[in-house]
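# Residue-level structural notes
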Amino acid sequence: MTLTVRPHRDEVGLKDGQLYVDGAWRPAADGATWTHLHPASGEPIGEFPIATMSDVDDAVLAARRAFDDGPWPRSRAGQRIQLLHRYAQLLREHTDELQRLQALDNSIPLSFGGVYAPSVGAAADVFDHHAGWVDKVGGQTLPPYQGGDHLAMTFREPIGVVAAILPWNAPFLLFAQKVAPALAAGCTIVLKPSEYCTFSVLHMVELLVEAGLPDGVLNVVTGPGDPTGAALITHPLVDKVSFTGSRAVGRRIVEASAGTLKRVSLELGGKSPTLVFPDAPDIGLAAMTTMGTVTMGLSGQACVAHTRALVHREVYDQFLAAAEMMAGAITYGDPFDAGVLASPLINTRQLDRVLGFIERAQEAGAKLVTGGTRPDGELAAGNFVRPTVFADVANDMEIAREEVFGPVLAVIPFASDDEAVRLANDTEYGLGAGVYTSDAKRAFRVARRLRAGTVGINGFQLEPHLPFGGFKQSGLGREGGRSAFEAYTELKTVMMPLTEELM
Ligand code: NAD
């Protein structure tokens, strides 16, 4: 028997998608559509428009008008706060159908809904969190530096029209991390969901409309990177691009921003290390937590996955045994089955890419401990790869350097703290890192030496008020917390002489 998820389409009432421009739902100008194929079964699930350059132009112009002349950027703080809280509450009330739509989009299993960071609840908390900044972040009044008496003030003003571009892997949190601070700051938005995760995002937008957002403030263009995303990042009337996705597309955005000097925020990929010292509180738990980040829920298709385990030689075998056991315990298949813990890969291109990495790692001399193959039977039509562990990896091998974005852990031995830190930092990325030790001094000493945006000591969790982002090629800027809100503002200085002479 072959796996099918199509009956859930009707249960959850999934409809084909539309663009949302200036307060109205509509098809693409030329009627072109994208058919979404389910990652676990290959079945067609639904269609949505491929927004053309002229659709993107309409959406940007609507956002531009709403910014230049509309009520939202000029609204009172109380009005914005109320809307953001109302929306957070609506999200919580619609958690169940949002999770089901996500399972039809990207096949993240319903069982993963209880994990905080990618949950609807976390997205709701992000909206509540940013509502809190609206009436608290302002400017300063500054004293004269020289000359006559004068008054100088700074203001934080909304940055303008924001192009928000999402990846497919954590739609609730990533939607919230862009839309919440942008709306809180008074910006208007053109949002592009990933073509591999559109239906759940469209429902989030429907709920935002229900919450009472004025027309034109948020517009949605659906479709792939080319033509839809490319038209958005090059549009001259966009003031800021806020992007989460791959490093390759991040680079294109930086290039495309040069023409009009757009502001750019980038949340990109990672090759994050876990450093396991012999005095870790529980080696087995460290192995299972690390392996969990590359298997549970997203099957390693997470920017924060700790895909390089740097393990002290004294506890190396113990770590490997626990990682292998964890790999064997992961279940995958129908995302609606409560016993399923992990997803397939998002599409056949990614499946081929991951299998290529696995093949080349073996050719390069890494030792395959477990996994590396695809399941057959009823899962053969899906993009599944078994959880995979490589031992005896050298840090200069491709499997230790490239973001695989699949259920693959590379385990690398080390012999001293200095060697561990050197290996950890020997990467082009710098998103996250983990440190497992019972020695608090070692923990902080090592954490401070690591070139990464988020370091977890004996575990980590993403939370709405904590800055999150990358060093090096993992990104530009931070999401979460006050700095995320400020990234959607421009700082303006206004001064006025109080005497005849200013200077
Ligand atoms: P992707 O870069 O392929 O696509 C991301 C988005 O960019 C999609 O909406 C896509 O349609 C769009 N896009 C593609 N080409 C474009 C172009 N030329 N112009 C404009 N837009 C374009 O990434 P993905 O496969 O959806 O997501 C996986 C990547 O995202 C991984 O690298 C992962 O590490 C990263 N990611 C980072 C974070 C973070 O917070 N740092 C979070 C989640 C995912």
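Owing to the predicted nature of the structure, the values given are computational and were not obtained by experimental measurement.

Criteria and thresholds
Residue indices follow the written sequence of each chain, beginning from 1 at its first position. In keeping with the model being predicted, local features are shown solely for residues with a pLDDT of at least 70 and side-chain atom pairs are shown and tallied solely at 80 or more, while totals for entire chains, interfaces and linings include all residues. Only hydrogens and water are set aside when side-chain values are computed; all heavy atoms of the structure are taken into account. Only DSSP runs of H or I reaching four residues or more are called helices, and only runs of E reaching two or more are called strands; each is numbered from the N terminus. The buried label applies to any residue whose accessible area, calculated with a 1.4 Å probe on protein chains only, is under 20% of its type's maximum; exposed applies above 50%, and partly exposed to all values in between. Contacts are assigned to residue pairs with any non-hydrogen atoms lying within 4.5 Å of each other. Only the protein chains shown count as covering a residue, and every accessible area follows the Shrake-Rupley method with a 1.4 Å probe. Under the convention used here, Asp and Glu are negative, Lys and Arg are positive, and both His and the chain ends fall outside the count. The location of each charge is read from NZ of Lys, CZ of Arg, CG of Asp or CD of Glu. Nearness is judged by heavy atoms alone; a residue qualifies as near a molecule or strand once a single heavy atom is within 4 Å of it. Domain start and end points were adopted from an automatic or database domain assignment. Only protein atoms enter the 1 Å grid, on which a cavity is a set of points fitting a 1.4 Å probe that cannot get out and a pocket is an open set with protein on both sides within 12 Å along at least 5 of 7 lines, lining residues being those with an atom within 4 Å of a point. Grid points are joined across faces, edges and corners, and a volume is the space filled by probe spheres set on the points. Under the grouping applied here, Gly and all other residues not named as nonpolar or charged are polar, the nonpolar ones being Ala, Val, Leu, Ile, Met, Phe, Trp, Tyr, Cys and Pro and the charged ones Asp, Glu, Lys and Arg. Counted as salt bridges are all cases of a side-chain nitrogen of Lys or Arg within 4 Å of a carboxyl oxygen of Asp or Glu. Between any two strands, pairing holds if DSSP finds at least two bridges. Between the rings of Phe, Tyr and Trp (Trp by its six-membered ring), a pair exists once the centres lie within 6.5 Å; its type follows the angle of the planes, with under 30 degrees stacked, over 60 edge-to-face, and the other angles tilted. We call a charge positioned above a ring when the Lys NZ or Arg CZ atom is no farther than 6 Å from the ring centre and deviates by at most 35 degrees from the ring normal. The term buried area means the drop in 1.4 Å probe accessible area that two parts suffer when joined, counted for both and summed. A 3.5 Å cut-off defines polar contacts: any pair of N or O atoms within that distance qualifies, except that in protein one atom must be a possible hydrogen donor and the other a possible acceptor, and neighbouring residues in sequence count only when both atoms are side-chain atoms.

### A word on the overall build of the chain
- When helices and strands are counted, the chain shows 16 helices and 20 strands.
- Counting only C-alpha atoms and orienting by the principal axes, one finds that the chain spans roughly 80 × 60 × 40 Å.
- Counting across all 503 residues of the chain, residues that qualify as buried make up 58%.
- In the chain, once contacts between residues fewer than 6 apart in sequence are set aside, the share between residues at least 24 apart is 75%.
- For the chain, the exposed surface amounts to about 19,900 Å²; the carbon and sulfur share of it is 53%.
- Looking at the chain, you have 43 positive and 58 negative side-chain charges, and the mean spots of the two groups are 5 Å apart.

### Remarks on the site of the ligand
- Close to the ligand lie 29 residues; Leu166, Glu195, Ser246, Leu268 and Glu403 are nearest.
- Across the complex, the protein chains shield 89% of the 850 Å² of accessible surface that the ligand would expose by itself.
- Listed by contribution, the elements that provide at least two residues to the shell around the ligand are helix H8 (225–233), strand E10 (240–244) and helix H9 (247–257).
- Considering each element in turn, the shell around the ligand owes the most residues, four residues, to H8.
- When residues are assigned to domains, the shell around the ligand turns out to be shared by domain 1 (19–36 + 50–269 + 475–490) and domain 2 (273–451), each giving three or more.

### Details of empty space enclosed by the protein
- Summed over all chains, the structure comprises eight cavities of 30 Å³ or more.
- Approximately 100 Å³ is the volume attributed to the largest cavity.
- For the largest cavity, the lining is made up of 14 residues, of which Gln102, Ile108, Phe112, Gly113 and Pro118 are closest to its centre.
- Tallied by class, the residues present in the lining of the largest cavity amount to nine nonpolar, five polar and no charged.

### Considerations on the pattern of salt bridges
- Counted by the stated rule, this structure contains 25 salt bridges.
- For Arg482, the salt bridge goes to Glu486, with nearest N and O atoms at 2.9 Å. With Arg482 and Glu486 both in helix H16 (residues 481–486) and four residues apart, this pair spans about one turn of that helix.
- What makes Arg482 partly exposed here is its relative accessible area of 38%.
- A residue is classified by how much of its surface remains accessible, and Glu486, at 23% relative accessible area, is partly exposed.
- Salt bridges sharing partners connect three or more residues here, namely Asp279, Asp417, Arg442 and Arg445.

### Some words on the pairing of strand E16 (residues 408–414)
- When you tally the buried positions in E16, you get seven out of seven residues, the bulk of the element.
- Burial along E16 is two-sided: the face carrying Val408, Ala410, Ile412 and Phe414 and the face carrying Leu409, Val411 and Pro413 are both buried.
- Summarising the sheet, strand E13 (residues 308–312) and E16 pair through five bridges and their orientation is parallel. Pairing of Val311 across the sheet is with Pro413, part of E16.

### Observations regarding the packing of aromatic side chains
- As enumerated under the stated definition, the model contains eight aromatic pairs in all.
- Each residue in the set Tyr87, Phe127 and Phe175 is aromatic and connected to the rest through ring pairs, giving one cluster.
- One residue, Lys240, lies across the ring of Tyr488, its end atom 4.5 Å from the ring centre.

### Considering the domain arrangement of the chain
- Its domain assignment divides the chain into domain 1 (19–36 + 50–269 + 475–490) and domain 2 (273–451).
- Here the C-alpha centroids of domain 1 and domain 2 sit 32 Å apart.
- On the domain 2 side, the residues contacting the 17 residues of domain 1 number 23 residues.
- For the domain 1 and domain 2 pair, buried surface summed over both sides reaches about 1,800 Å², with 64% attributable to carbon and sulfur atoms.
- It is Trp168, Arg247 and Gly269 that lose the most area in domain 1 upon contact with domain 2, and together they represent 32% of the buried surface on that side.
- On inspection of domain 1 and its partner domain 2, the count reaches one salt bridge.
- The shortest N-O distance in the salt bridge between Arg247 and Glu428 comes to 2.8 Å.
- Counting the contacts that link domain 1 with domain 2 gives six residue pairs in polar contact (both at pLDDT 80 or more).

### Side note on the sheet that holds strand E6 (residues 150–158)
- Taken together, the three strands give an open sheet; going across it, the order is E5-E6-E20, and neighbouring strands pair in antiparallel fashion. The sheet terminates laterally at strand E5 (141–142) and strand E20 (489–497), the two strands that pair on one side only.
- As defined by bridge partners, E6 adjoins E20 across nine bridges and the pair is classed as antiparallel. Each bridged residue has a counterpart across the sheet, and for Arg156 the counterpart in E20 is Leu491.

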